[in-house]
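Listed below are the residues making up each chain.
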Amino acid sequence: AQSVTQLDSHVSVSEGTPVLLRCNYSSSYSPSLFWYVQHPNKGLQLLLKYTSAATLVKGINGFEAEFKKSETSFHLTKPSAHMSDAAEYFCVVRRMDSSYKLIFGSGTRLLVRP
Amino acid sequence: KAGVTQTPRYLIKTRGQQVTLSCSPISGHRSVSWYQQTPGQGLQFLFEYFSETQRNKGNFPGRFSGRQFSNSRSEMNVSTLELGDSALYLCASRDITYNEQFFGPGTRLTVL
């Protein structure tokens, strides 16, 4: 069965400093992994996805994630945080069967201090 | 292209009532999924529809049901509402040739 674990429920950084949001996955197969962001009172926006083409995945707004099979990790990073990055971030794995079902982590709330 | 739209955006109901939520997918997307988001349980998969057929269902009671129309629009229905059904209900659509879902803004349901 597929699952994801987000290791931090809250992360606080200063504006202009790097962001690291941690995610570990569990999957019997080569997984499809995603990061979504949710701003307050908004829906979910796809930041990036990993589907085995390349281990370093670049997404929108300067975010990227690296798939590390040996560590079963898919951490999200950004070199320099912006105030507008404050939101909740979800690491997601797709269940690999005939339907399309996403399994969400518990979320990490990112706070950006001025 | 317009994004996924959901109506209504906010709903207030009382226990025992039923409610119907609507979702219009991105034009050309034939797969529609529903998710429930609550502070306690997080984001949970409800069901997926493709070409008017339910392809998968999450671990929710039978009070939660859905359907999809020939134009790919989808509705979900919750009968005999309980306080615990208060949540943000998110709809997502997908072009089946691509491995990503696009989410709507959600319908926030409050059950009093």
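Above: the structure in question.
If you're wondering where the values come from, they're calculated on a predicted model, not measured in any experiment.

1. Concerning the pairing of strand β2 (residues 10–14) of chain A
Residue and element names in this part refer to chain A.
And then number 1: The two faces of β2 differ: V11 and V13 on one face are buried, but H10, S12 and S14 on the other face are not.
And then number 2: As defined by bridge partners, β2 adjoins strand β12 (residues 108–113) across five bridges and the pair is classed as parallel. Following the sheet pairing, S12 is matched in β12 by L111.

2. Description of the nonpolar core
And then number 1: In terms of nonpolar packing, the biggest core is built from 26 residues, with W35, L76 and Y89 of chain A touching the most fellow members.
And then number 2: Counting residues per element, this core draws most heavily on strand β10 (residues 87–96) of chain A, which supplies four residues.
And then number 3: Excluding its chain neighbours within four sequence positions, the residues that come into contact with L76 of chain A are V19, L20, L21, W35, L47, L48, F63, E64, A65 and Y89 of chain A.
And then number 4: Residues L21, W34, F64 and L109 of chain B belong to the second largest nonpolar core, which totals 21 residues.

3. Quick word on the sheet that holds strand β7 (residues 64–68) of chain B
All names here are of chain B.
And then number 1: Strands sit in the order β1-β3-β8-β7 across an open sheet of four strands; the sheet is antiparallel. Every other strand in the sheet has two partners, leaving β1 (5–7) and β7 as the edge strands with one partner each. Between one strand and the next, the sheet's axes are offset by a mean angle of 20°, whatever the strand orientation.
And then number 2: The pairing of β7 with strand β8 (residues 74–78) spans five bridges and is antiparallel. Each residue of the ladder has a partner; that of Q68, found in β8, is S74.

4. Structural notes on the interface of chain A and chain B
And then number 1: The interface is formed by 20 residues belonging to chain A together with 18 residues belonging to chain B.
And then number 2: Between chain A and chain B, the buried area comes to about 1700 Å², and carbon and sulfur atoms account for 48% of it.
And then number 3: Among the residues of chain A in contact with chain B, L44, Y100 and F104 of chain A are the three that bury the most area, contributing 33% of the side total.
And then number 4: The partner of E100 of chain B in a salt bridge is K49 of chain A, with the nearest N and O atoms 2.8 Å apart.
And then number 5: Summed over the shared surface of chain A and chain B, the result is six residue pairs in polar contact (both at pLDDT 80 or more).
And then number 6: Counting residues per element, the ones that place at least two in the side of chain A that touches chain B are β5 (33–38), β6 (44–50), β10 and β11 (100–104) of chain A.
And then number 7: A per-element tally of the side of chain A that touches chain B places β11 of chain A first, with four residues.
And then number 8: Counted by class, the side of chain A that touches chain B contains eight nonpolar, seven polar and five charged residues.

5. Things to note about the side chain of R94 of chain B
And then number 1: By secondary structure assignment, the location of R94 of chain B is in strand β9 (residues 87–94).
And then number 2: Excluding residues that lie within four positions of it along the chain, R94 of chain B makes contacts with Y100 of chain A together with H29, R30, S31, E48, R55, E100 and Q101 of chain B.

6. Focus on the side chain of R94 of chain A
And then number 1: Within the element layout of this structure, R94 of chain A appears in strand β10.
And then number 2: Judged by its relative accessible area of 14%, R94 of chain A is buried.
And then number 3: Ignoring anything within four residues of it in the chain, the contact list for R94 of chain A reads Q2, S32, F34, S99, Y100, K101 and L102 of chain A together with N99 of chain B.

Here is what the cut-offs are and how they apply
Residues numbered from 1 in each chain as written. Chains lettered and ligands numbered in written order. Predicted model: local features only at pLDDT ≥ 70, side-chain atom pairs only at ≥ 80, totals over all residues. Heavy atoms only, no water. Buried < 20%, exposed > 50% of the residue type's maximum accessible area, 1.4 Å probe, protein only. Helix = DSSP H or I, 4+ residues; strand = E, 2+ residues; numbered from the N terminus. Pairing = 2+ DSSP bridges. Core = buried A, V, L, I, M, F, W, Y, C linked by side-chain atoms within 4.5 Å. Contact = heavy atoms within 4.5 Å. Axes fitted to C-alpha atoms, helices over the stretch in contact; angles between N-to-C directions. Buried area = accessible area lost by both parts, 1.4 Å probe. Salt bridge = Lys/Arg side-chain N within 4 Å of Asp/Glu carboxyl O. Polar contact = N/O pair within 3.5 Å; in protein donor to acceptor, adjacent residues only side chain to side chain. Nonpolar A, V, L, I, M, F, W, Y, C, P; charged D, E, K, R; others polar.

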